[in-house]
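# Remarks on the overall topology
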Amino acid sequence: MRLLALIAVALILGPFLGIVVDRAAGRLRVQFEHRCVSCQAGQGTSSMIPVLTWFRSCGRCGRHKGVRYPAVDLMLVASFVLLGRRFDDPRVLMPYLLLSAVLVTLSVIDAETHLLPNNVVWPSILAGLFLVLVVSGELGYEQGIYSALFGAGLLGGTLGLLHVAYEPGMGRGDVKLALLLGLFVGWIEPGLIGTVQRILYVMLLAFGGAGVVGLAYNMIRRRKGEIPFGPALAVATMLVVLVSPGLI
Ligand SMILES: [Zn+2]
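To start, this report covers the structure provided alongside it.

Conventions adopted
- Residues numbered from 1 in each chain as written.
- Predicted model: local features only at pLDDT ≥ 70, side-chain atom pairs only at ≥ 80, totals over all residues.
- Heavy atoms only, no water.
- Helix = DSSP H or I, 4+ residues; strand = E, 2+ residues; numbered from the N terminus.
- Buried < 20%, exposed > 50% of the residue type's maximum accessible area, 1.4 Å probe, protein only.
- Core = buried A, V, L, I, M, F, W, Y, C linked by side-chain atoms within 4.5 Å.
- Domains from an automatic or database assignment.
- Axes fitted to C-alpha atoms, helices over the stretch in contact; angles between N-to-C directions.
- Parallel < 35°, antiparallel > 145°, perpendicular 65-115°, else oblique.
- Contact = heavy atoms within 4.5 Å.
- Nonpolar A, V, L, I, M, F, W, Y, C, P; charged D, E, K, R; others polar.
- Donors = N, O, S within 2.8 Å, 3.2 Å for Na, K, Ca; no water.
- Tetrahedral: all angles 85-135°; square planar, octahedral: opposite > 155°, others 65-115°.
- Phe/Tyr/Trp six-rings, centres within 6.5 Å; stacked < 30°, edge-to-face > 60°.

### Notes on the environment of Pro-245
For Pro-245, the position within the fold is in the segment after helix H8 (230-243). Look at Pro-245 and you get exposed, because its relative accessible area is 67%. C-alpha separation for the pair Pro-245 and Glu-189, spaced 56 residues apart in sequence, amounts to 8.3 Å.

### Brief notes about the nonpolar core
Core analysis: the largest hydrophobic core is formed by 60 residues, its most contacted members being Tyr-96 and Trp-187. Sorting the residues of this core by element identifies helix H1 (2-24), helix H2 (68-86), helix H3 (90-113), helix H4 (118-139), helix H5 (142-165), helix H6 (172-187), helix H7 (192-221) and H8 as the ones contributing at least two each. Broken down by element, the residue count for this core peaks at 12 residues, all from H3. Viewed by domain, this core spans two of them, domain 1 (1-76) and domain 2 (87-248), each represented by three or more residues.

### A closer look at unusual backbone geometry
Unusually for a residue other than glycine, Gln-40 sits at a positive phi of about 65°. Along the polypeptide, Gln-40 turns up in the loop between H1 and H2. Despite not being glycine, Val-51 has its phi angle at roughly 65°, a positive value. What makes Val-51 partly exposed here is its relative accessible area of 29%.

### Topic: the packing of H3 against H4
Orientation of H3 relative to H4, taken along the N-to-C sense of each, is 170°, at an axis distance of 9 Å. If you check the angle between H3 and H4, you find them roughly antiparallel. Facing H3, whose interface residues are Arg-91, Val-92, Met-94, Pro-95, Leu-98, Val-102 and Leu-106, H4 presents Val-120, Val-121, Ser-124, Ala-127, Gly-128, Leu-131, Val-135, Glu-138 and Leu-139. Classifying every residue of the contact of H3 with H4 by side-chain character gives 12 nonpolar, 2 polar and 2 charged.

### Looking at the coordination of the zinc ion
Taken together, the protein ligands of the zinc ion are Cys-36 (SG), Cys-39 (SG), Cys-58 (SG) and Cys-61 (SG), with distances of 2.3 Å. Because the angles between the 4 donor atoms bound to the zinc ion fall within 107 to 112°, the donor set is best described as tetrahedral. All donor residues of the zinc ion come from one chain, and their arrangement in sequence is C-x2-C-x18-C-x2-C. For Cys-36, a relative accessible area of 4% gives the class buried.

### Looking at the environment of Gln-40
Gln-40 sits in the buried class, given a relative accessible area of 18%. Distance from Gln-40 to Pro-231, taken between C-alpha atoms, is 29 Å for residues 191 residues apart in sequence. Filtering out sequence-adjacent residues up to four positions away, Gln-40 remains in contact with Arg-27, Leu-28, Arg-29, Gln-31 and Arg-35.

### With respect to the packing of aromatic side chains
All chains considered together, the criterion is met by 7 aromatic pairs. Ring centres of Trp-54 and Phe-55 lie 6.3 Å apart, and the angle between their planes is 50°; this geometry places the pair in the tilted category. You can call Trp-54 buried: its relative accessible area is 17%. Phe-55 gets classed as exposed once you look at its relative accessible area, which sits at 61%. Ring geometry for Tyr-96 and Phe-184: centres 5.2 Å apart, planes at 70°, overall edge-to-face. Taken together, the residues span a long stretch of sequence, with Tyr-96 in helix H3 and Phe-184 in helix H6 at a distance of 88 residues. The class for Tyr-96 is buried, based on a relative accessible area of 1%. Three or more aromatic residues link up through ring pairs in this structure, and these residues are Phe-87, Tyr-96, Tyr-141, Phe-184 and Trp-187.

This is the structure in structure tokens:
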């Protein structure tokens, strides 16, 4: 029942995130209404019906919305279900659901545009921090606040140093994203040593994953291409969040 509810929420939320991606990639101007990416004709509220939206085409120019909308929806369903099985307490589950929605959105944007836009990243960091503080207060989990802030500082600081040392490979957006990821990786369990371990796992998985994907990509394309690092960081963080035992 609980998992069905999570799937329903993911499918309702998905089309809205699809629009955020379209806007961030510059295909849509920011407007109150959902419009066609090709001819900018208004699509009406029926274009937001979960799942049915995958099959819709624009009424005026016939342009199909493409595979991005189903892809976003399915990634969101998968991460909501996995997180729903991982966290029992809804007060803890909610902030991680928010995190996964942000990560799906930013990963698709980064894969397409090689950018992590400030107007998505900064509000997410502030919302994440707010939820961590409020929920920790509610649960009497003060230690969690310290390890969350420590995690944010550690992952953000490390990638910040890499950004200074190796600017073309590590963008400023990755450093800001790392603040958000470190916050949630730290929050799982109090204690500095455990947090350092989890942050190390995130970095190993992210650099390893990006390395393998980058190598395969360059072999297929036979030339050097820039691989966006955001999705690798996002996947690595979700894996560590899902498998680490944690107290909360
Ligand atoms: Zn159109």
